[in-house]
Amino acid sequence: MTNRKIVQLLHVQRDNRVFADMVDDEDNPCLSCGACCQHFRVSMYMGEMASSPGGTVPDELVSAVNPVIVCMKGTEAGNGRCVARRGVVGKPGIRCEIYKLRPTPCREYRVWLEDGTPNPDCQRLRKNIELLPLKPRSAVPGVGEL
Ligand code: SF4
Ligand code: SF4
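Residues numbered from 1 in each chain as written. Chains lettered and ligands numbered in written order. Predicted model: local features only at pLDDT ≥ 70, side-chain atom pairs only at ≥ 80, totals over all residues. Heavy atoms only, no water.

Engineer: So what's going on with the side chain of Thr104? Which residues, and what values?
Structural biologist: You can see Thr104 is positioned in helix α1 (residues 104–108). On the basis of relative accessibility, which here comes to 14%, the residue Thr104 falls in the buried class. Of note is the side chain of Thr104, whose polar atom sits 2.7 Å from the side chain of Glu48. Not counting the four nearest positions on each side in its chain, Thr104 is found in contact with Arg17, Phe19 and Glu48. (Helix = DSSP H or I, 4+ residues; strand = E, 2+ residues; numbered from the N terminus. Buried < 20%, exposed > 50% of the residue type's maximum accessible area, 1.4 Å probe, protein only. Polar contact = N/O pair within 3.5 Å; in protein donor to acceptor, adjacent residues only side chain to side chain. Contact = heavy atoms within 4.5 Å.)

Following this line, the structure appears as structure tokens:
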């Protein structure tokens with residue numbers, strides 16, 4: 001039994017994709033990072049827009065990439081700040097304004113992999129903004145939580 005805090009919750013979807021939710025806790029490293037939200041082009045199928053059945057992402061926050069793909073505004077060319085990000089990168093208080101409505105690339109992106117090792121992309125991006133590397137977390141046997 002461990003009394004260590006769980007900060008990353010994994011949810012298996014009906015189609016077997018795994019989504020990660022970070023807990024609102026001081027041990028959540030994302031709350032003082034945000035580097036990934038200004039690095040990748042965050043693209044998704046247009047069906048994820050709120051105006052589509054089952055979609056969540058506010059239409060006004062996306063740009064068209066092609067007739068079926070959109071991306072978060074600000075991330076069109078990569079290395080740009082997502083329009084939904086609030087706060088200063090690398091500083092406490094940074095957050096996603098639409099966290100519960102965010103698109104699938106943001107849900108699929110994990111801080112820790114299933115074996116508890118930090119995501120190498122997180123390590124690289126954190127280094128770029130002069131944050132300390134993440135430490136490994138031991139996986140909790142049988143539970144999709146880290
Ligand atoms: S780069 Fe990794 S640690 Fe930083 S905000 Fe993104 S997911 Fe969190
Ligand atoms: S939608 Fe939220 S989590 Fe996704 S890139 Fe934008 S600020 Fe980051």
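Engineer: How would you summarise the site of ligand 1 if you had to cite specific residues and measurements?
Structural biologist: The immediate surroundings of ligand 1 are formed by Cys30, Cys33, Gly34, Cys36, Tyr109, Val111, Cys122 and Arg126. In a pocket analysis with a 2 Å cut-off to the grid points, ligand 1 is assigned to the largest pocket. Class assignment for the residues of the shell around ligand 1 results in six nonpolar, one polar and one charged. (Near = heavy atom within 4 Å. 1 Å grid on protein atoms, 1.4 Å probe; cavity = no way out; pocket = protein on both sides within 12 Å on 5 of 7 lines; lining within 4 Å. Sits in = over half its atoms within 2 Å of the grid points. Nonpolar A, V, L, I, M, F, W, Y, C, P; charged D, E, K, R; others polar.)

Engineer: Could you give an account of the packing of aromatic side chains, with specific residues and numbers?
Structural biologist: Counted according to the given criterion, the structure contains one aromatic pair. Over the ring of Tyr99 we find Arg102, and its NZ or CZ is 3.8 Å from the ring centre. Stacked on the ring of Trp112, the Lys or Arg Arg137 has its end atom at 5.1 Å from the ring centre. (Phe/Tyr/Trp six-rings, centres within 6.5 Å; stacked < 30°, edge-to-face > 60°. Lys NZ or Arg CZ within 6 Å of the ring centre and 35° of its normal.)

Engineer: Provide a residue-level description of the site of ligand 2, including the pertinent values.
Structural biologist: Cys37, Val42, Met72, Cys82, Ala84, Arg85, Cys96, Ile98, Pro103 and Cys106 make up every residue found near ligand 2. Assessed atom by atom at 2 Å from the grid points, ligand 2 resides in the largest pocket. Across the shell around ligand 2, the residue classes break down as nine nonpolar, no polar and one charged.

Engineer: Which residues make up the sheet that holds strand β5 (residues 69–72), and what values do they have?
Structural biologist: The strand order across the open sheet formed by three strands is β3-β5-β4, and the pairing between neighbours is antiparallel. With one partner strand each, in any of the chains shown, β3 (43–45) and β4 (62–64) form the two edges of the open sheet. Going from strand to strand, the sheet's axes swing by 40° on average, the running direction of each strand aside. Bridge analysis of β4 against β5 gives three bridges, and the strand direction is antiparallel. Bridge assignment links Val62 to a residue of β5, and that residue is Met72. (Pairing = 2+ DSSP bridges. Axes fitted to C-alpha atoms, helices over the stretch in contact; angles between N-to-C directions.)

Engineer: Report on the layout of surface pockets, specifying residues and quantitative values.
Structural biologist: Counted as a void, the largest pocket has a volume near 830 Å³. Residue lining of the largest pocket: 36 residues in total, with Cys30, Cys36, Cys37, Cys96 and Tyr99 positioned closest to the centre. Counting residues per element, the ones that place at least two in the lining of the largest pocket are β2 (18–22), β7 (95–96), α1 and α2 (120–128). Ranked by residues supplied to the lining of the largest pocket, first place goes to α2 with three residues. Grouping the constituent residues of the lining of the largest pocket by class yields 27 nonpolar, two polar and seven charged. A volume near 200 Å³ is recorded for the second largest pocket. Around the second largest pocket, the lining residues are Glu26, Asp27, Asn28, Pro29, Ser32, Trp112, Arg126, Leu131, Leu132, Leu134, Lys135 and Arg137. In the lining of the second largest pocket, the residues fall into five nonpolar, two polar and five charged. (Points joined across faces, edges and corners; volume = space filled by probe spheres on them.)

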